[in-house]
Amino acid sequence: MIKDITIGQYFPGNSVIHKMDSRVKLLLDILYLVILFTAQNFTGLLVGMLFMVICYSIARIKFIMILKSIKPILPLMIFTAILNLLFIKGEEPLFSWWIISIYPEGIRTSAFMLVRILALIIGMSLLTYTTSPIMLTDAIERLLNPLKKIRFPVHELSMMMTIALRFIPTLVEETDKIMSAQKARGAELDSGNIFQKAKSLIPILIPLFVSAFKRANELATAMECRCYHGGEGRTRLRQLHTAPRDFVAVGIMLILFAGVITMNFFPVIP
């Protein structure tokens, strides 16, 4: 499970999606979220997911990465589905026992939320898979640049967000090493009831926190040694430039947006 967490990882490539302006990719990803929450039926969500599958093919990202990005979120998805299944009421229950009643509306809502979360994870993962942390930092800073007029720390905020995103794979790898070390010392991490499993996490969390603070201190020292004092007056190795492919991508997303809105009124699958 730990090794399957791919959030924050970047896979270098030479595809059209990799070459797109990171600012445009970030804005299109936000538009994709709007599309998902605008869709009111399964048709719109399935079209959005199909679009993302095509994007994965263009970016040459293996489809197994989609499954890996979903696997860690699977317990949350199941929990969300169960809540909707139990608490969404309708007119005539399909099943009723004691205080539990399951309605057709609850089943539909649960399935709808599962598909929406699935499409959400797939879309968000593609952004980090095809955009390096440095380019993502530049994109966030450029998009939030107008806030500098009100003395908002744009550079510092974007830097913190990117560092946090970048360190997710590192902490995942560190967690896996600690778990392997504890198992080698005889720790039973996978046995017992839920309280015993929670207690067994203490030997993992303590060294993980110590390692995280140590890494943070080393990073701060390294930045100070390189005379880092924020974004004022700093230059960039890579400049962001838009190209015709970016405008084509924007046009395609707007067409998708219009199509999903249309499907809300004329659904193929209600």
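Look up: the structure comes first, before these words.
Moving on: the overall build of the chain. Of regular secondary structure, the chain possesses eleven helices and two strands. Ordered by position from the N terminus, the helices and strands of the chain form the series α-α-α-α-α-β-β-α-α-α-α-α-α. Dimensions of the chain, computed from the C-alpha atoms along their principal axes, are close to 70 × 60 × 40 Å. Relative to its full complement of 270 residues, the chain shows a buried share of 36%.

Below, the discussion takes up the packing of helix α3 (residues 42-59) against helix α11 (residues 244-265). For the pair α3 and α11, the least separation of the axes is 9 Å and the interaxial angle reads 160°. Here α3 lies roughly antiparallel to α11, going by the angle between them. At the point where α3 passes α11, the crossing takes the right-handed sense. Each of T43, G44, V47 and F51 in α3 lies in contact with α11, whose residues at this interface are I252, M253, L256, V260 and M263. The residue makeup of the contact of α3 with α11, split by class, is seven nonpolar, two polar and no charged.

As a further point, take unusual backbone geometry. Even without a glycine there, the phi angle at R60 is positive, about 60°. Relative to the helices and strands, R60 is located in the loop between α3 and α4 (64-70). Given a relative accessible area of 65%, R60 falls into the exposed group.

Turning our eyes to something else, we now look at helix α2 (residues 22-38). Helix length check: α2 (17 residues) gives 24 Å between terminal C-alpha atoms against 24 Å at 1.5 Å per residue, within 8%. Of the surrounding secondary structure, the elements contacted by the buried residues of α2 are α1 (16-19), α3, α6 (104-130), α7 (133-143) and α11.

L28, M52, Y56, I122 and M253 are the most contacted members of the largest nonpolar core, which has 35 residues in total. Among the secondary structure elements, those contributing two or more residues to this core are α2, α3, α4, α6 and α11. With five residues, the next largest nonpolar core counts L26, L127, L136 and A139 among its residues.

What follows deals with the packing of α2 against α7. Two numbers describe a pair of packed helices, the interaxial angle and the distance between the axes. It is the contact of α2 with α7, at a shortest axis distance of 8 Å, that shows an interaxial angle of 75°. The angle between α2 and α7 places the two elements in the roughly perpendicular class. Where α2 approaches α7, its residues S22, R23, L26 and L27 are matched on the opposing element by M135, A139, I140, R142 and L143. Residues that form the contact of α2 with α7 fall into these classes: six nonpolar, one polar and two charged.

What follows concerns the packing of aromatic side chains. On inspection of all chains with the given rule, the structure shows three aromatic pairs. Centre to centre, the rings of F42 and F112 are 5.5 Å apart; their planes meet at 85°, and the pair counts as edge-to-face. Here F42 is found in helix α3, whereas its partner F112 is found in helix α6, with 70 residues between them in sequence. For F42, a relative accessible area of 14% gives the class buried. For the ring pair Y56 and Y129, a centre distance of 6.3 Å and an interplane angle of 80° mean the geometry is edge-to-face. Taken together, the positions of Y56 in helix α3 and Y129 in helix α6 put the pair 73 residues apart, joining distant regions of the chain. Residue Y56 shares its accessibility class with Y129, and that shared class is buried. The structure contains a cluster of three or more aromatic residues connected by ring pairs, namely F11, Y56 and Y129. Positioned over the ring face of F112 is R108, at 5.6 Å from the centre of the ring.

This part takes up the environment of K19. Residue placement: K19 occurs in helix α1. Overall, K19 belongs to the partly exposed group, its relative accessible area being 44%. With 111 residues separating them in the primary sequence, K19 and T130 have C-alpha atoms 8.7 Å apart. In contact with K19, not counting residues within four places along its chain, are N14 and R245.

On to the pattern of salt bridges. Across all of its chains, the model carries two salt bridges by this definition. Between R23 and D21 there is a salt bridge, with its nearest N and O atoms 2.6 Å apart. For R215, the salt bridge identified is with E174, shortest N-O distance 3.1 Å. One end of the pair, R215, is in helix α10 (residues 202-225); the other, E174, is in helix α8 (residues 154-184), with 41 residues separating them in the sequence. A residue is classified by how much of its surface remains accessible, and R215, at 31% relative accessible area, is partly exposed.

Rules of the game
- Residues numbered from 1 in each chain as written.
- Predicted model: local features only at pLDDT ≥ 70, side-chain atom pairs only at ≥ 80, totals over all residues.
- Heavy atoms only, no water.
- Helix = DSSP H or I, 4+ residues; strand = E, 2+ residues; numbered from the N terminus.
- Buried < 20%, exposed > 50% of the residue type's maximum accessible area, 1.4 Å probe, protein only.
- Axes fitted to C-alpha atoms, helices over the stretch in contact; angles between N-to-C directions.
- Parallel < 35°, antiparallel > 145°, perpendicular 65-115°, else oblique.
- Left-handed = near helix turned anticlockwise from the far one by under 90°.
- Contact = heavy atoms within 4.5 Å.
- Nonpolar A, V, L, I, M, F, W, Y, C, P; charged D, E, K, R; others polar.
- Expected span 1.5 Å × (residues − 1).
- Core = buried A, V, L, I, M, F, W, Y, C linked by side-chain atoms within 4.5 Å.
- Phe/Tyr/Trp six-rings, centres within 6.5 Å; stacked < 30°, edge-to-face > 60°.
- Lys NZ or Arg CZ within 6 Å of the ring centre and 35° of its normal.
- Salt bridge = Lys/Arg side-chain N within 4 Å of Asp/Glu carboxyl O.

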